[in-house]
Amino acid sequence: MIRNVLVPGGAGYVGAVLVPKLLENGYNVKVVDLYIYGDVLNPHPNLVEIKGDVRDIALLEREIPGADAVIHLACISNDPSYELNPELSKSINYDAFIPFVEIAKKNEVKRFIFASSASVYGIKKEEEVTEDLSLEPLTDYSRYKAKCEEILMKEADDNFIVTIVRPATVCGYSPRLRLDLTVNILTNQAINKGEITVFGGEQMRPNIHIQDMTDLYLYLLKLPNKKINKKIYNAGWENYKVKEIAKIVQSMISNVSIKTVPSDDNRSYRVSSRKITDELGFTPKYGIKDAIFDLKNAFEGGKIPDSDDIKYYNIKTMQAINLK
Ligand SMILES: NC(=O)c1ccc[n+]([C@@H]2O[C@H](COP(=O)([O-])OP(=O)(O)OC[C@H]3O[C@@H](n4cnc5c(N)ncnc54)[C@H](O)[C@@H]3O)[C@@H](O)[C@H]2O)c1
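Residues numbered from 1 in each chain as written. Predicted model: local features only at pLDDT ≥ 70, side-chain atom pairs only at ≥ 80, totals over all residues. Heavy atoms only, no water.

**Points about the overall build of the protein**
Turning to step 1, where the next piece is worked out: When helices and strands are counted, the protein shows 13 helices and 12 strands.
Turning to step 2, where the next piece is worked out: Relative to the globule expectation of 20 Å for 324 residues, the C-alpha radius of gyration of the protein, 19 Å, shows essentially globular dimensions.
Turning to step 3, where the next piece is worked out: Along the first, second and third principal axes, the C-alpha atoms of the protein reach 55 × 40 × 35 Å.
Turning to step 4, where the next piece is worked out: Taking the contacts inside the protein whose residues are at least 6 apart along the sequence as the reference set, 78% of them involve residues at least 24 apart. (Helix = DSSP H or I, 4+ residues; strand = E, 2+ residues; numbered from the N terminus. Rg over C-alpha atoms; globule rule 2.2 N^0.38 Å. Contact = heavy atoms within 4.5 Å.)

**Description of the site of the ligand**
Turning to step 1, where the next piece is worked out: Taken together, 30 residues lie near the ligand, and Val14, Asp33, Ser77, Tyr141 and Arg178 sit nearest.
Turning to step 2, where the next piece is worked out: Within the backbone of isoleucine 36, an N or O atom sits 3.1 Å from an oxygen atom of the ligand.
Turning to step 3, where the next piece is worked out: Here the ligand loses 98% of its free accessible area of 820 Å² to cover by the protein chains.
Turning to step 4, where the next piece is worked out: Those elements that provide at least two residues to the shell around the ligand are α6 (140–155) and β7 (169–171).
Turning to step 5, where the next piece is worked out: Of the residues in the shell around the ligand, the class split is 18 nonpolar, seven polar and five charged. (Near = heavy atom within 4 Å. Polar contact = N/O pair within 3.5 Å; in protein donor to acceptor, adjacent residues only side chain to side chain. Areas by Shrake-Rupley, 256 points an atom, 1.4 Å probe, with all protein chains shown as cover. Nonpolar A, V, L, I, M, F, W, Y, C, P; charged D, E, K, R; others polar.)

**Quick look at the packing of aromatic side chains**
Turning to step 1, where the next piece is worked out: Here the structure, examined in full by the defined rule, presents eight aromatic pairs.
Turning to step 2, where the next piece is worked out: Geometrically, the ring pair formed by phenylalanine 97 and phenylalanine 112 is edge-to-face, given 5.9 Å between the ring centres and 85° between the ring planes. Within this pair, whereas phenylalanine 97 is found in helix α5 (residues 97–106), its partner phenylalanine 112 is found in strand β5 (residues 111–115), the two being separated by 15 residues in sequence.
Turning to step 3, where the next piece is worked out: Given a relative accessible area of 0%, phenylalanine 112 falls into the buried group.
Turning to step 4, where the next piece is worked out: Among the aromatic residues, ring-to-ring pairing joins Phe97, Phe100, Phe112, Phe114 and Phe160 into one connected group.
Turning to step 5, where the next piece is worked out: Positioned above the aromatic ring of tyrosine 37, the side-chain terminus of arginine 176 is 3.9 Å from the ring centre. (Phe/Tyr/Trp six-rings, centres within 6.5 Å; stacked < 30°, edge-to-face > 60°. Buried < 20%, exposed > 50% of the residue type's maximum accessible area, 1.4 Å probe, protein only. Lys NZ or Arg CZ within 6 Å of the ring centre and 35° of its normal.)

**Overview of the pairing of strand β1 (residues 4–8)**
Turning to step 1, where the next piece is worked out: The buried fraction of β1 is high, at four of five residues.
Turning to step 2, where the next piece is worked out: Looking at chain direction, β1 and strand β4 (residues 69–72) are connected through two bridges and run parallel. If you follow leucine 6 over to β4, its bridge partner there is valine 70. (Pairing = 2+ DSSP bridges.)

**Here's the deal with the nonpolar core**
Side chains of a nonpolar character, in soluble globular proteins, are inclined to be buried together.
Turning to step 1, where the next piece is worked out: Residues Leu22, Val29, Ile71, Tyr217 and Leu221 are the most contacted members of the largest nonpolar core, which totals 52 residues.
Turning to step 2, where the next piece is worked out: By residue number, the principal contributor to this core is helix α8 (residues 210–222), which donates seven residues.
Turning to step 3, where the next piece is worked out: Excluding anything up to four places from it in sequence, tyrosine 217 contacts Val14, Leu18, Ile71, Leu73, Ile113, Ala115, Val165 and Pro167.
Turning to step 4, where the next piece is worked out: The next biggest cluster of nonpolar side chains, apart from the first, holds 39 residues, and it includes Tyr37, Ile64, Ala104 and Phe114. (Core = buried A, V, L, I, M, F, W, Y, C linked by side-chain atoms within 4.5 Å.)

Below you can see the structure in the form of structure tokens.
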């Protein structure tokens, strides 16, 4: 029975929606996070917040024991912020992951869910990018996600249940908002500038709504061990070209123009998430349009007073704080 859930990186964009949901569902939650982008988590009797670094082994030895499950989200979590300081990023995204998994297993954590990324596939010619295709990551961010998957899979056994999720680009409103993710970027531009700038536009992006992303983590906690052990699942729907997403945004926000400029960013991803639906019965309830709608409401409701604030952009915050 899972009661105590440890969420490293739980103060981030996904964590800020996931943690309240875990609490609502009766779990005791512990967040370990550097709070790089601030702390939006509300106090709760069943929530423990630890400000700390996943690279701190003593902290891991202290805080992991007692957890029944880990949902691992802590990360320098996109290509540009990874590239800002590759050595630092590797130390967080990969080096620290090895002892984390070891300590978790040693302390009888029963279930370990890892947020990998759909970008581990690289660019595929196949229309259906399924979990059995080879991984050809194009960037170090994606390369080390793939390496973490390997480490975790090696440790999986009947007492250490491992599930890897490869999420598409997440979209929608979170109290710890990111405005550096495709749908969110385009919606912000539409609302605050009246003009969407599309770089290239032919690149494909699969998407997952933040409510589906967080529902999925919760869903995985509730499934029986044998259904999810040593399993890898894509989680992304609505594979669209960036220029198509721009059109959807334009159709939902009045008086918006689209400007297209050339780009040498050829990262183009699509995924098939048929496996998670067929095997686990998980289907998304939301989509891009809901994300745009929610973001529009959040802007109009004054929840995002200054969309230029660096806290909404991982790379700008990382540049400003000079993390060592
Ligand atoms: N958001 C997406 O579109 C997306 C897509 C695919 C995969 N993912 C993965 O999902 C996870 C969550 O993504 P997110 O969008 O919430 O990212 P985020 O950047 O908003 O959150 C990451 C959190 O990790 C924390 N963190 C970073 N380094 C740390 C360290 N050394 N010690 C402790 N905490 C640290 C940060 O403070 C932040 O709160 C990440 O692993 C990311 O790679 C996200």
